[in-house]
Amino acid sequence: MRRRAPALLLAAFAVALGEGSPRADWLPQVPAPLAPHPDSIADYTLRATLDPAAHTIRGEGSVRFTNRSEKPVSELWVHLYLNAFKNERSVFLREPIGAFRGSSRPASWGTIDVRRFAFEGKDLWPQAEKSRPGDDDETDVRVPLPRAIAPGEQVELAMEWDDHLPSIVERTGFSGSFHFAGQWFPKLAKLEKDGTFTHFPFHHLAEFYADYGTYDVTVDVPEAFRIGATGPVKESKVQGGRRIERHVQTDVHDFAFTAWDRFEVRDERIDGVAVHALYPRGYEAVLERELETLRFALPHFRERYGPYPYDVLTVVHPPNDGAGEAGGMEYPTLITTGGPWYTPRAVGTIEQITIHEFGHQYFYGLLATNELAWPFLDEGLNSYAESESLAAWKGDASGGALLGLAVSDVAVQAVVSHDAQHDEAVAKPASEFLTGRDYGRLVYARTATILETLARTYGKVSMDRAMGRYARAFRFQHPEPRDFLGCIEAEMGKGAAENARRALFEKGWVDYSIGGLSRGPRTTAAGVFDQGGKRETRPPGAGSGYDGTLSLMRRGTLQLPVDVRITYEDGQSETLHFAGDAESARLDFTHARRPRSIEVDPEHRVLLDGDRSNNVFGEPGSFRKTMDHTSFWVETLLGGVLP
Ligand SMILES: [Zn+2]
C-alpha cells in the first residue's frame, strides 16, 4: 500500500536539492534457486453478485481447506475484514493513527454478514465466536469444529454471505457507481506448521497474511459494467442484462475485484504478461505513464527478483474525484494506481505509485510475509525496490524534476525518515507504532534508507544479490526477518548483516564527525642515527612538505565503513578509509602542500549519517559544495512540512 505522504508537496520543496546518487550497475544474474510452487492450503470457489445501486455483494461458494500442518486442527479462524467499517468499536476505527493512509471513518458503513458456514452438512456459524469477551470488534471469528481435521486431510466448507460495501475507505468500497471489493469474503486465517492459526483483527496500520491457494471466482455485475479482478478471465458471457466473468488464478493468497460502468480499457503485452488497464476517460496521459513505468519495471524486477509467474497484471486507475482512496493498493495480479489526470510529468508520483504497487507483486504477493508482525519486510523492502528501480530508470531525477532541478526517490526517503530515527524501532509489529506518521517514516522510508546505505557502503551488486537471493529462495515461503538477514549475511558479509540488524531492530544510528586536525611542515627526526655502518647526527630542521593527523569520531551503534577525502592546496586529493569498527580513529597523511578541505563520506554513501554538517573541515567553498548535495540534512528546509 502506498503511504499518504504529501509527495507532491515534498517534491516541490525538495527541488532545491541536487543529488549525486550512483546510477545502478547492471546486475549479474543471481544464482539463487527459485522456490517451487506452494502446496495449496485454502482453495476458494466463489460467486459474487454485485448490486451497484444498493452497493451490496451477495456471496456464495466454498473453501477447500487442506490441513498441511503437523497437528490435527479442531477450530478454524475466519477473517471478516469488511466489519472493520461496521462501527466505531472495531479495532480498525478505535486505533488513533491520524491521517496516515487517508481518512478512516467511512461516510457510509460497511458490513459482512455470514448466513451459512457449513461443514459436512452442518452450519457451524451459530456456534462461532464472533468476537472476544469485552471487545466488540467483529473482524476475527473463531469457528469450533465438530471433529478434528487430521494432518493431510482435505475438507470443504460451504459459505453464503452478504456484503454491504462502505463508501471508499482503506482501498475498498464504492463511490457513485465505482466499486472496489477488497476483503469482501469470509477468509481463512493463516495456518501454521504447528496446527495453530495466525489470526488478527483488521488493524489500521497492518495489512494481511494468508495461505496460498487457487481462487476460482465468478463475478456477476450489470452488463454496462466492466470488471477488473485477480487472475485471467476463463469464461465470460452476457446474459439477461448481466455481465458474468469467471476468473481463475493459482498460487495466490487473496482475490479482489472492481466494477464500474465508466471504465476505459487498454490492453498491452509487456515482457510476456498481459497487462489489462482500466481507467477513467480523460486519464489517457497518466495511463500512458503507468504503462511506460511497467515496460521498465517488469523486466527489471524479473532480472532482480525472479520472473513474475502469472499471465496477467490488471492495473486499475480509480477516478480521482471521490474514489481516490481506492488508489495505491496491491492485490495478487491486480494493482491500483492513482492521482489526478493533470499530474504534471515533472512530479514523479504517477511513476512512483505504479512501480511501488507493482513491486508489491513480489514483496507481498510472492513473499507473503506476516504484514502485522513485520511490516518492514513488506512495505520497507518494497520501498527500497521502488527507489532502486526508479534510480535505475530515471537516474538522479527518480523522484521528479522541477525547474531543472532533480531529486531522487531515495533522497526523499532519507529526508523523510531522518527525524524519526530515534523514535521507535523499524522492525516491530504494525499495531505497536505510536503514530501513523512514525509508521510511515520508519517502516517505509527508514528501511529504504538503511538498505540504500548498505548498498552504497558494501556494494550495489552484493545488495542486489542479497535481495535477489531472498526474493527467489523464499518465494511462496512466508519468510521472516531472520531469512532476510541471512541473505544479507550470505551475500554481503557478517558486518553488513549486523549493521542491518541493529538499524532495523535496535534504532541503530550513526554520526561521523571530524574531531580535529593537526598539521605542520614535515620535519626530519633529529638525533644520532646508525645507518649503513656509519653514525650520523642529524640536527633539528624542517623537511619539505606537510604531515597531518585527522581525528575522526563515529558516534552511534552502526559500524559502517566510510571514506575521507582530503583536498590539498595544489588541487590534488586523496581518499583515506575508515573501517568504522572503532569509535574513533586517527588518520595520518603526508603531502607536498597543506590540506585545503576535508570531507567525511564525500560520495554520500552513508545516507543514515545523522548530521552531515560536522563532516566537513576547511574553507567555506567545500561546505557550499556539500550543500548542493541532497544528503546534507535539510531539516531547516523541510522540517516543518513533512507528514
Ligand atoms: Zn506499499
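1. Overview of the overall build of the chain
In terms of regular secondary structure, the chain is built from 14 helices and 33 strands. Within the span of the chain, comprising 643 residues, buried residues form 49% of the whole. Excluding contacts between residues fewer than 6 apart, the proportion of contacts in the chain whose partners are at least 24 apart in sequence is 71%.

2. A look at the sheet that holds strand E19 (residues 273-280)
Spatial strand order, E18-E19-E20-E22-E21: 5 strands in an open sheet with mixed pairing. Bordering the open sheet on either side are strand E18 (263-270) and strand E21 (329-331), each of which pairs with just one other strand. Put simply, the sheet's adjacent strands are angled 15° from each other on average, direction ignored. As paired elements, strand E20 (residues 312-316) and strand E22 (residues 334-336) share 3 bridges and run parallel to each other. Directly across from valine 315, in E22, lies its bridge partner isoleucine 335.

3. With respect to unusual backbone geometry
Here the phi dihedral of arginine 171 falls at roughly 70°; this positive angle occurs in a residue that is not glycine. If you trace the backbone, arginine 171 turns up in the loop between strand E7 (154-164) and strand E8 (173-175). Within the chain, aspartate 271 stands out as a residue other than glycine whose phi angle is a positive 50°. On the basis of neighbour count, aspartate 271 is assigned to the partly exposed category, with 17 C-beta atoms found within 10 Å.

4. Section: the environment of serine 551
Along the chain, serine 551 falls in strand E28 (residues 541-556). Each C-alpha atom, one on serine 551 and one on leucine 517, is 6.2 Å from the other, the two residues being 34 residues apart in sequence. Setting aside chain neighbours within four positions, we find serine 551 in contact with Gly515, Gly516, Ser584 and Arg586.

Here is what the cut-offs are and how they apply
Residues numbered from 1 in each chain as written. Predicted model: local features only at pLDDT ≥ 70, side-chain atom pairs only at ≥ 80, totals over all residues. Helix = DSSP H or I, 4+ residues; strand = E, 2+ residues; numbered from the N terminus. Buried ≥ 20, exposed ≤ 12 C-beta atoms within 10 Å, placed from the backbone. Contact = placed C-beta atoms within 7 Å. Pairing = 2+ DSSP bridges. Axes fitted to C-alpha atoms, helices over the stretch in contact; angles between N-to-C directions.

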